[in-house]
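Okay, here's what each chain looks like letter by letter:
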Amino acid sequence: HYFDCFEPSIIYVLAPSFDQIERLTFKEIKATRTDKGLPGRILELEVNKTPEHFILGRATQNSQGTGLERIKGQHSKHMGLIIEEADGVEDFNFEAVEEMAKGFAVVVLIANPRSLESKFHNLAYDANVQNFRLDAIYFPNVIENKDIIPGGVTRDDVELALEKHCTIADAHNADLNTFEVPWRPGVIY
């Protein structure tokens, strides 16, 4: 959407590994753009319309301390920066993103939070950050308990996660992030 609406724009998609860029992000980009009449040539890890208007995927390894230099340097009237699996991305990536996110920029960090010490986790408390939590409990397949979106998370997946990672509590406690699931009202996890 950003690529199609803001021209020229440079969009970087960063992730810890090549596989995550290729098999997660660019798989989705290709699926949503191919044969839709949308602008830009779709390459392996790039969508390219002009030298000033493109999407580029990059793995964020810090090979011999050169990671920052391999990422930063791009500037455009419209910058889009997406960090996939942001909880596992090294801190130098955030420095590069901050340097490039001048002017009109949108930065999207996507992750399953695992660490209270990560840069991703700590950025959540910055005044200029808007947090969105996408909860599998409210995914259509889970709520309806049937396959509405093929290949999506299922209620069985959620039930397995509840069994593996949660315990039943006597009462709600905000400090412990307690919650209920809609299909089992009154049971507090």
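Note: the structure precedes this text.
For every chain, the first residue of its written sequence is number 1, and the numbers climb from 1 along that sequence. Side-chain atom pairs in this predicted model are given and counted only at pLDDT of 80 or more, local residue features only at pLDDT of at least 70, and totals for whole chains, interfaces and linings cover all residues. Excluding hydrogens and water, the side-chain figures rest on all heavy atoms present in the structure.

**So, the overall build of the chain**
Alright, step 1. For the purposes of this entry, the term helix denotes a DSSP run of H or I that reaches at least four residues, the term strand denotes a run of E that reaches at least two, and both are numbered from the N terminus. Secondary structure summary: the chain contains seven helices and six strands in total.
Alright, step 2. Along its sequence from the N terminus, the chain presents helices and strands in the succession α-β-α-β-β-β-α-β-α-β-α-α-α.
Alright, step 3. Within the chain, the proportion of its 189 residues that are buried is 30%.
Alright, step 4. The accessible surface values rely on the Shrake-Rupley method and a 1.4 Å probe; as for residues, cover is taken only from the protein chains in view. Surface summary for the chain: the accessible area is close to 12200 Å², and the carbon and sulfur share equals 52%. Only protein chains enter the area calculation, which uses a 1.4 Å probe; residues under 20% of their type maximum are buried, those over 50% are exposed, and those in between are partly exposed.

**Examining the sheet that holds strand S6 (residues 104-109)**
Alright, step 1. The strand order across the open sheet built from six strands is S2-S3-S4-S1-S5-S6, with neighbouring strands paired in mixed fashion. Where the open sheet ends on each side, the last strands, each with one partner, are strand S2 (41-42) and S6.
Alright, step 2. Of the strands in this sheet, strand S1 (9-15), S2, strand S3 (46-50) and strand S4 (53-59) are in contact with helix H2 (residues 18-33), which crosses S4 at around 150°.
Alright, step 3. With respect to the sheet, helix H4 (residues 91-100) is in contact with S1, strand S5 (78-83) and S6, its orientation differing from that of S5 by roughly 165°. Strands are treated as partners if at least two bridges between them are detected by DSSP. Note on definitions: a residue-residue contact is assigned when non-hydrogen atoms from the two residues lie within 4.5 Å. Lines fitted to C-alpha atoms define the axes here, with helix axes fitted over just the stretch in contact, and angles between the N-to-C directions of these axes take values from 0 to 180 degrees.

**A closer look at unusual backbone geometry**
Alright, step 1. Between Glu 7 and Pro 8 the backbone carries a cis peptide bond, its omega angle lying at -5°.
Alright, step 2. The residue Pro 8 is located in the loop between helix H1 (2-5) and S1 in this model.
Alright, step 3. A positive phi angle is found at Asp 35, which is not glycine, with a value near 60°.
Alright, step 4. Structurally, the position occupied by Asp 35 is in the loop between H2 and S2.
Alright, step 5. Look at Asn 177: it is not a glycine, yet its phi comes out positive at around 55°.
Alright, step 6. Looking at where Asn 177 falls in the secondary structure, it is placed in the segment after helix H7 (155-165).

**Concerning the side chain of His 78**
Alright, step 1. In this fold, His 78 is placed in strand S5.
Alright, step 2. Two N or O atoms form a polar contact when they lie within 3.5 Å of each other; inside protein one atom must be a possible hydrogen donor and the other a possible acceptor, and for residues adjacent in sequence the pair counts only when both atoms belong to side chains. A distance of 3.1 Å separates a polar atom in the side chain of His 78 from the backbone oxygen of Pro 8.
Alright, step 3. Sequence-distant contacts of His 78, defined by excluding residues within four places in its chain, comprise Tyr 2, Phe 6, Glu 7, Pro 8, Ser 9, Ile 10 and Phe 104.

**Side note on the pattern of salt bridges**
Alright, step 1. Throughout this description, the term salt bridge denotes a Lys or Arg side-chain nitrogen within 4 Å of a carboxyl oxygen of Asp or Glu. Taken as a whole, this structure holds four salt bridges when the rule is applied.
Alright, step 2. The salt bridge partner of Asp 4 is Arg 33, with a shortest N-O separation of 2.8 Å. Residue Asp 4 is located in helix H1, and its partner Arg 33 is located in helix H2; the two are separated by 29 residues in the primary sequence.
Alright, step 3. For Asp 4, a relative accessible area of 32% corresponds to the partly exposed category.
Alright, step 4. Given the relative accessible area of 8%, Arg 33 is considered buried.
Alright, step 5. A salt bridge links Glu 7 to Lys 49; its shortest N-O distance comes to 3.0 Å.

**Things to note about the pairing of S6**
Alright, step 1. Pairing geometry for S5 and S6, over six bridges, is parallel. Its bridge partner being in S6, His 78 is matched across the sheet by Phe 104.
Alright, step 2. Looking down the strands as they point away from you, a crossover is right-handed if its path from the first strand over the helix to the second goes clockwise. Note on the crossover from S5 through H4 to S6: the handedness is right-handed.

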